[in-house]
Amino acid sequence: PKVKTYLEEGAFGPLADPAAPAAALLSHTALIGALRKTLSQRLEELGLNKIYDQVDLPLCPVLAEMEEIGVLVDRGALVEFGEMLSQGIDKVQATIYELAGEEFNINSTQQLGRILFDQLGLPPVKKTKTGYSTNAEVLDKLRGKHPIIEQILDYRQLTKLKSTYVDGLGKVIGEDGRIHTCFQNTVTATGRLSSAEPNLQNIPIRTPLGAELRKMFVAGPGMALVDADYSQIELRILAHMSGDEKLIEAYNSSADIHRATAAQVFGVPLDEVTDEQRRNAKAVNFGIVYGISAYGLSQDLNIGTKEAQGFIDSYFETYPKIKEFLDNTVAQAKEKGYTRTLFGRIRPIPELSSGNFMTRQFGE
């Protein structure tokens with residue numbers, strides 16, 4: 001009603017055509033004015049003024065400048081990379097046709113399913129309403145059962161790189177030779193930054209070919225690209241928020257937190273921790289932050305569920321305040337319907353009140 005009043009009273013001048021883009025922009029402006037008082041009160045009630053004034057608002061001009069400057073791309077190198085991928089796709093496709101004994105549409109789930117399970121006799125892993133499933137999980141389980149599987153996985157990787165990244169990014173390079181993405185700081189549920197049109201936060205790195213793609217992003221003349229990362233930031237925040245003295249001491253006295261954890265959990269001197277014990281401790285360290293289950297840990301470490309549960313139990317015995325902190329966080333979130341980050345940002349978790357057990361577990 002307030003927006004209607006703003007517009008009818010001509011607070012922003014007469015609107016000749018209410019459907020015009022300018023009118024839409026003015027109505028948005030009116031909306032901001034109408035909501036200012038309500039939202040200011042709400043921020044105060046929720047205790048969010050500090051994060052709004054000290055984090056979110058100061059970030060806006062920084063992101064605007066980043067968007068305006070953009071990221072420089074070596075267009076020539078991108079084109080060459082695309083040509084190399086095209087050659088690779090043609091080669092892998094020919095090999096797939098040879099192994100299948102015929103030509104077919106590799107991108108068709110139904111045709112691929114017919115080749116794999118009817119013609120080549122591979123064991124079906126999963127069926128859908130329309131036939132056999134040939135998703136990444138299915139193909140991963142079929143590795144080693146026929147040489148065609150590796151070829152199909154390679155084909156999918158190459159075509160994904162070509163269509164999404166080489167072709168996709170090539171279309172959005174500006175006249176200045178740069179890609180100007182849109183950074184969003186109010187979209188994700190967790191308060192993380194996101195990137196769109198195009199998304200520059202999902203450039204692959206885990207495969208050699210994906211890493212090659214990152215070389216297309218370059219620094220301007222006389223400039224350098226700097227890659228900075230926090231050291232084990234989640235675990236450090238866990239140590240701080242839980243106040244667990246042993247974990248804090250481990251950080252203060254040891255450069256290798258995973259070795260220090262292994263020494264505590266397995267009850268051995270620091271210099272006698274084996275590589276396997278360190279690897280297990282590392283999996284538990286990072287998994288615990290995200291509420292990993294015994295089953296999930298058993299899959300990560302390729303061990304039995306009982307043994308995995310033993311690791312988790314030993315971890316909580318070693319760092320009791322972490323268990324207390326995690327349990328309290330879940331209990332408070334169930335009571336309030338949300339949890340808060342260290343800086344006070346609210347994360348609603350409606351899953352906690354779901355009637356479905358699995359959804360509730362996910363929420364926890």
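Please read all numbers here as calculations on a predicted model, not as lab measurements. (Residues numbered from 1 in each chain as written. Predicted model: local features only at pLDDT ≥ 70, side-chain atom pairs only at ≥ 80, totals over all residues. Heavy atoms only, no water.)

**Q** How do you make sense of the overall build of the protein when you look at a structure like this?
**A** Across its full length, the protein carries 16 helices and eight strands. Scaling as 2.2 N^0.38, a compact globule of 364 residues should have a C-alpha radius of gyration of about 21 Å, whereas the protein reaches 27 Å, well beyond that. Overall, the protein is about 75 × 60 × 55 Å in size when its C-alpha atoms are taken along their principal axes. Every one of the 364 residues in the protein was classed for burial, and the buried ones make up 30%. Sequence separation of at least 24 residues holds for 50% of the intrachain contacts in the protein that already meet a minimum separation of 6. Seen as two clouds, the 39 positive and the 47 negative side-chain charges of the protein have centres 5 Å apart. (Helix = DSSP H or I, 4+ residues; strand = E, 2+ residues; numbered from the N terminus. Rg over C-alpha atoms; globule rule 2.2 N^0.38 Å. Buried < 20%, exposed > 50% of the residue type's maximum accessible area, 1.4 Å probe, protein only. Contact = heavy atoms within 4.5 Å. Lys, Arg positive; Asp, Glu negative; His and termini not counted. Charge placed at Lys NZ, Arg CZ, Asp CG, Glu CD.)

**Q** Sorry, what's going on with the layout of surface pockets here?
**A** Left-over empty space is what a probe sized like a water molecule reveals as it rolls over the atoms. In this model, the second largest pocket occupies a volume close to 600 Å³. As for the second largest pocket, its lining consists of 21 residues, of which Leu39, Ser40, Leu43, Tyr52 and Leu57 are closest to the centre. Looking at the lining of the second largest pocket, the elements with two or more residues in it are helix H2 (21-46) and helix H3 (49-69). Among the elements that line the lining of the second largest pocket, the one with the most residues is H2, at 11 residues. In terms of residue class, the lining of the second largest pocket is made up of 12 nonpolar, five polar and four charged. (1 Å grid on protein atoms, 1.4 Å probe; cavity = no way out; pocket = protein on both sides within 12 Å on 5 of 7 lines; lining within 4 Å. Points joined across faces, edges and corners; volume = space filled by probe spheres on them. Nonpolar A, V, L, I, M, F, W, Y, C, P; charged D, E, K, R; others polar.)

**Q** Please clarify how helix H14 (residues 305-318) should be interpreted in this entry.
**A** An α-helical turn contains 3.6 residues, so a residue and the one three or four places further along point in the same direction. The first and last C-alpha atoms of H14 sit 20 Å apart over 14 residues, in line with the 20 Å expected at 1.5 Å per residue. Restricting attention to buried positions, one finds in H14 the residues Ala308, Phe311, Ile312, Tyr315, Phe316 and Thr318. The arc enclosing the buried residues of H14, seen along the axis, measures out at 160°, which places them on a common side. Looking at H14, the residues exposed on the side facing more than 90 degrees away from the buried face are Lys306 and Glu317. Tucked inside the fold, the buried residues of H14 contact helix H9 (233-242), helix H10 (245-253), helix H11 (257-266), helix H12 (275-289), helix H13 (294-301) and helix H15 (320-336). (Expected span 1.5 Å × (residues − 1). Arc of directions from axis to C-beta.)

**Q** I would appreciate a short explanation of the side chain of Thr181 in the present structure.
**A** Tracing the backbone shows Thr181 in the loop between strand S4 (178-179) and strand S5 (182-184). Residue Thr181 is classed as buried on the basis of its relative accessible area, which comes to 6%. Engagement of the side chain of Thr181 in a polar contact is seen with the backbone oxygen of Ala196, the distance being 3.1 Å. Separated by 2.6 Å, the side chain of Thr181 and the backbone oxygen of Pro198 make a polar contact. The residues touching Thr181, leaving out its near neighbours within four places in the chain, are Glu67, Ser195, Ala196, Glu197, Pro198 and Leu200. (Polar contact = N/O pair within 3.5 Å; in protein donor to acceptor, adjacent residues only side chain to side chain.)

**Q** Can you walk me through the packing of aromatic side chains in this structure?
**A** A ring pair, where both rings are aromatic, is described by two values, the distance of the centres and the angle of the planes. Applying the stated criterion across every chain, the model contains five aromatic pairs. On the basis of an interplanar angle of 90° and a centroid distance of 5.5 Å, the ring pair of Phe266 and Phe311 is categorised as edge-to-face. With a gap of 45 residues between them, Phe266 in helix H11 and Phe311 in helix H14 connect regions that are remote in the sequence. Note on Tyr315 and Phe316: the rings are 6.0 Å apart at their centroids and 80° apart in plane angle, and the pair reads as edge-to-face. Per residue, the accessibility class of Tyr315 equals that of Phe316, and both read buried. Over the ring of Phe316 we find Lys323; its NZ or CZ atom is 5.5 Å from the centre of that ring. (Phe/Tyr/Trp six-rings, centres within 6.5 Å; stacked < 30°, edge-to-face > 60°. Lys NZ or Arg CZ within 6 Å of the ring centre and 35° of its normal.)

**Q** Any chance you could explain empty space enclosed by the protein here in plain terms?
**A** For the coordinates displayed, the defined rule picks out one cavity of 30 Å³ or more. Each pocket or cavity is described by its volume, and for the largest cavity that value is around 40 Å³. Along its surface, the largest cavity is lined by Thr261, Val265, Phe266, Asn280, Ala281, Val284, Phe311 and Tyr315. Of all the secondary-structure elements, those providing two or more residues to the lining of the largest cavity are H11, H12 and H14.

**Q** Before we go on, may I ask you to explain the nonpolar core in this structure?
**A** Grouped burial of nonpolar side chains is what soluble globular proteins tend to show. Within the largest apolar cluster, 36 residues are counted, with the highest numbers of intra-cluster contacts made by Leu116 and Leu213. Listed by contribution, the elements that provide at least two residues to this core are helix H4 (75-100), helix H5 (109-119), helix H6 (136-141) and helix H7 (147-171). Ile288, Ile312, Phe316 and Ile322 belong to the second-largest nonpolar core, a separate cluster that totals 22 residues. (Core = buried A, V, L, I, M, F, W, Y, C linked by side-chain atoms within 4.5 Å.)

**Q** Whenever I open this one, unusual backbone geometry confuses me. Can you help?
**A** The bulk of non-glycine residues show a negative phi, and the bulk of peptide bonds are trans. The linkage connecting Glu197 with the following residue, Pro198, adopts the cis geometry, with an omega of -5°. Positive phi, close to 55°, is recorded for Glu197, a residue that is not glycine. Examined against the element boundaries, Glu197 turns out to sit in the loop between strand S6 (194-196) and helix H8 (208-214). Despite not being glycine, Asn302 has its phi angle at roughly 60°, a positive value. Its location among the elements puts Asn302 in the loop between H13 and H14.

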